Every structure is written in C-alpha cells, then in structure tokens.
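A look at the structure
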Amino acid sequence: MTKLPENFLWGGAVAAHQLEGGYNEGGKGISVADVMTAGANGVERKITDGIVSGEYYPNHEAIDFYHRYKGDIELFAEMGFKCFRTSIAWTRIFPNGDELEPNEEGLKFYDDLFDECLKHGIEPVVTLSHFELPYHLVTEYGGFRNRKLIGFFERFAKTCFERYKDKVKYWMTFNEINNQANFETDFAPFTNSGIAYKEGENREAIMYQAAHYELVASARAVKIGHAINPDFKIGCMIAMCPVYPATCKPKDVLMAQKAMQKRYYFTDVHVHGEYPEHIKKYLKRKNINLDFTNEDAEDLKNGCVDYIGFSYYMSFATKYKEGNDSFDYNEATDLVKNDYVKASEWGWQIDPEGLRYALNWFTDMYRLPLFIVENGFGAIDQLGDDGVVHDTYRIEYLKAHIKEMIKAVDEDGVDLMGYTPWGCIDLVSASTGEMKKRYGFIYVDKDNEGNGTLERSRKESFYWYQQVIKSNGEEL
Ligand code: P53
C-alpha cells in the first residue's frame, strides 16, 4: 500500500501556445500569444498591434511540438506518465473565434494527439482556454469585456466536448482565471481575457466584468459538457499563491484574509455558483456595477465544477498599510518579501509547505477533489560535459513539494486526483517569453533568440521522476 491512491494521476503539464509552434499552419488563426514578443527577467513582454515584421515572437515556432509530438509523447510514456495536461489552441478550431463552423484540420490535429496519448496509456487532461484567445476577438470585440464572448466560448467548448467525448475525460475551462486579480499589469488581463486597456480606463471595473463573463461562460460549458458525457470531470483552474500575513499583528492577519478573499473569489463562484458576499459588498463600495442578468445567476448555479485544478509555484505575503481602513488588497502594491523563504532567480518565493497549506485551505473552503495541475522550478540549465543537464536543484524543488503533497493526502486526508508538474518538456515561458526559464525533465536545444536544433535530451530529473512515478511517490 502506497500513501497515494493507486490510480493517482502522475503526469506533466503544458499549454498549446507555449510548445506547439506551427502558429499559421493547419488553418490556425492568430492568438493573443502570437502578438507577444520576448521579454526577459524583469522585463515585460510587449504586446504588439498584430504581428509586426522585424519583431521576434517566441510562440510562433515554440518547440515545434506541432510536428514532433509523437516523439515527445514517447518520452512522456518512457517516464511513465499516467496523464498529460495540454490545452486546445482555440485558434486551431475557430481561427477567428466567431465562425459558425470549426476548422476540421485543427480538430483532426487534436484527434491524432489524443490518440497518440491513449495509445501509450496516457490520459489527456485538457484546458479549453489557456492564454490563447483568438486575436480577432480582441480587435473586433474587445476581448472578454464583451458579453458576446460567452457565446463564442460556448460554441468552442461544445465543439471540443462533442468531438473528443470518448477520448478526453478530464477538462478545465479557463487557465488561472484569477491571475487578472492583478489588473494593473498588462500581461494578466491580456492573456486571461484578451483585454488591451486604453489610457484612462477603469482597469478594475473592466476586469471584474470580463471575469464575470468568463465565469458564466465556464458554467455554461460545464453544463453542456455534463449533458454530452455524464462521465466528464470538468474543473476550474486557479493560480494558487497563498497570501500570508507578514506578522501576527491582527491588522496584518486581517489584511491577508481580505487578500485571500479577493484573489480567490473566482473559486467560490466556480464551486458554489454564486458570488460571495464580501465581493458583492466590495463592488458596491467601489461603484462597480456589473452587467449581471438573472439568466447569468441561473447559469452560474447550473454549472458548478467537479474539481479544483490549480497551479502552485510560490507563496506571497502582505502587510496592512496605514490608512487602508477597508483593508483593500491591491496585488500590485500590497505584497511584501517573505524573509523565511528563498526565491528563484525570477523572484518566485519557494515554499513547499505552502503547497500543503494550499491543499488544506482549498479542502476546508470547498470540499472538492483537487488536482495539482502545475508546479515546478523555472531555472537556467546548463548541459554538462557528458551532454546531460544535471538539474539537481529542480529535483530538490519537486521532491520537497511532493513530500508536502503526500503529507496533505496521508496525514490531512485531502482528496487529491493527481500531480502534473509544469513544462515537463522545456517550453516558452508565459510571463517572459524566454526559453531560458526552463521547467522540463526533457531539455530542448533552443535559446532565447530562437537559435538551436530543437533536439530533445533527457535531464537527470527525467530518470528521477520516472522512479517517483514507478514507486507511486514512495521513492523520492
Ligand atoms: P512562467 C504567474 C503566476 C503563477 C503562474 O510561468 C503563472 C503566472 C503567469 O506567468 O503562470 C502559469 O512561464 C501558467 C503557465 C506558465 C507557468 O505558470 O512565466 O499557467 O502558462 O508557463 C509558469 O515561468
């Protein structure tokens, strides 16, 4: 008997736009990821006005998974993956997003990809919208600030559910829907919702409206999916960075609680089908009047998720600031450094116990099965003299997190479906567009400027993870 259930879903996670490439092949349309240039550590990616010649767009070719997926899946199978999380590029299915009929070539690509997984006994886990909205929906409709996008998403979801109903059982609707709680950056609202703010707009109000439409779209998709195949497990996907109080001063503790409410109300809506009171009060106080119909309320109630998928990389900390009498949390200005944890080169605070905390917090709040669909260490890898990346730092990070995950299951009784570390094969970083920020068990020969053979090689962590899966987490 192992501490984890025998059917535990070990695997790895990626997103279409970060690895497929082939951005204009097979009838694919342009997505929001296709108009983002490469940034760097601490330098935001530029969002350009369409594709501008002379600019470098790292997602256009990515790691060419579009042509190489068979070999890559073979490597996943060699590691013993039970599941593989990827997304369906919306623009392969509906190139512009507002067509009535899907693109057969795009549908066929995912048929082949899922067949390839199943052939190796790997269960596909699929995100419908992972930072890759059709760009046409941004320029013509303003992204998810427009109610019409609910219908477009619904059509996309229904098309996928019907087509893959016998191949895919595990689904998620919107990746890290709560990233946009940080509405003061350009990155999160654009990648989450296709929102390109204009000068002087009320960023916060627009974010809450877009998130509302997404929550409704998600709920409608859940209902449709369950009708198409009652065996479907359809989850939400939340970016979990627990917000700790910087001290035990009561005002700091309260501040952290208010921060958690605001960062995670999205989960309440997905799980309970209604807005928590604190958010309703907050919106009222801020004079944010959502376009929220009676039908929306119905839809939310009828489309509650089956499980909570979440990413976990790091934890945050916050502190009460003099004068903030309503304890309003603003992610852009209210985070402080936590001196009790170390950070990665990109400033992400490494905190394995935070994962156990998160698993318990979700369980206490929502009582639903959980699925860790991202976790990992973005680091710079060097090929050793033997041609192998000896990524002991990555092994250490993952080992520490898996230990806490097992304690949460074994000692705390958390209901956990699986674990899929992020970027199981090196891919393009979402926040920086770099190749250099690597997460993989499999090294891909390509650099930040786009040079390299794209050749794949197994890192030291590849063999380590193989052992972890084989022993169901007993041998770390
Ligand atoms: P990169 C912010 C905070 C936590 C997770 O991120 C985040 C982000 C936004 O980047 O994104 C998720 O590549 C996301 C993936 C992404 C991964 O984390 O910036 O779901 O698409 O690649 C890692 O290092």
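Everything below is about the structure shown above.
Residues numbered from 1 in each chain as written. Predicted model: local features only at pLDDT ≥ 70, side-chain atom pairs only at ≥ 80, totals over all residues. Heavy atoms only, no water.

This part covers the side chain of N192. If you trace the backbone, N192 turns up in helix 7 (residues 187-193). Of note is the side chain of N192, whose polar atom sits 3.1 Å from the backbone oxygen of E176. With residues up to four places along the chain from it excluded, the contact list for N192 reads F131, N175, E176, I177, N179, Q180 and E214. (Helix = DSSP H or I, 4+ residues; strand = E, 2+ residues; numbered from the N terminus. Polar contact = N/O pair within 3.5 Å; in protein donor to acceptor, adjacent residues only side chain to side chain. Contact = heavy atoms within 4.5 Å.)

In this section: the site of the ligand. In the vicinity of the ligand lie 17 residues, with E374, A430, S431, K437 and Y439 positioned nearest. The contact in question runs from an oxygen atom of the ligand to an N or O atom on the side chain of Q18, over 2.8 Å. Note that an oxygen atom of the ligand is positioned 2.8 Å from one of the side-chain N or O atoms of K437. Out of a free accessible area of 480 Å², the ligand has 94% covered by protein chains. Cavity membership is defined here by more than half of the atoms lying within 2 Å of grid points; on that basis the ligand lies in the largest pocket. (Near = heavy atom within 4 Å. Areas by Shrake-Rupley, 256 points an atom, 1.4 Å probe, with all protein chains shown as cover. 1 Å grid on protein atoms, 1.4 Å probe; cavity = no way out; pocket = protein on both sides within 12 Å on 5 of 7 lines; lining within 4 Å. Sits in = over half its atoms within 2 Å of the grid points.)

Strand order around the closed barrel formed by eight strands is 1-2-3-4-5-7-11-12, with parallel pairing between neighbours. The mean inter-strand angle of the sheet, taken between neighbouring strand axes irrespective of direction, is 30°. Bridge count for strand 1 (residues 9-13) against strand 2 (residues 83-87) is three bridges, and the pairing is parallel. Paired with A13 across the bridge in strand 2 is R85. Against the sheet, helix 6 (residues 148-163) contacts strand 3 (123-129), strand 4 (170-174) and strand 5 (233-240), and its axis sits at roughly 165° relative to strand 3. (Pairing = 2+ DSSP bridges. Axes fitted to C-alpha atoms, helices over the stretch in contact; angles between N-to-C directions.)

In the structure shown here, the tally under the stated rule is 43 aromatic pairs. Residues F310 and F362 carry aromatic rings whose centres are separated by 4.8 Å and whose planes lie at 50° to one another, so their mutual orientation is tilted. With F310 in strand 7 (residues 307-312) and F362 in helix 12 (residues 352-366), the pair connects residues that are 52 residues apart, well separated along the chain. For F310, a relative accessible area of 0% puts it in the buried group. Judged by centre distance (5.3 Å) and plane angle (75°), the rings of Y313 and W348 are edge-to-face. You can see Y313 sitting in the loop between strand 7 and strand 8 (316-318) and its partner W348 sitting in the loop between strand 9 (342-343) and strand 10 (349-350), a full 35 residues away along the chain. Classification of Y313 by relative accessible area gives buried; the value is 9%. On the accessibility criterion, W348 (24% relative accessible area) is partly exposed. (Phe/Tyr/Trp six-rings, centres within 6.5 Å; stacked < 30°, edge-to-face > 60°. Buried < 20%, exposed > 50% of the residue type's maximum accessible area, 1.4 Å probe, protein only.)

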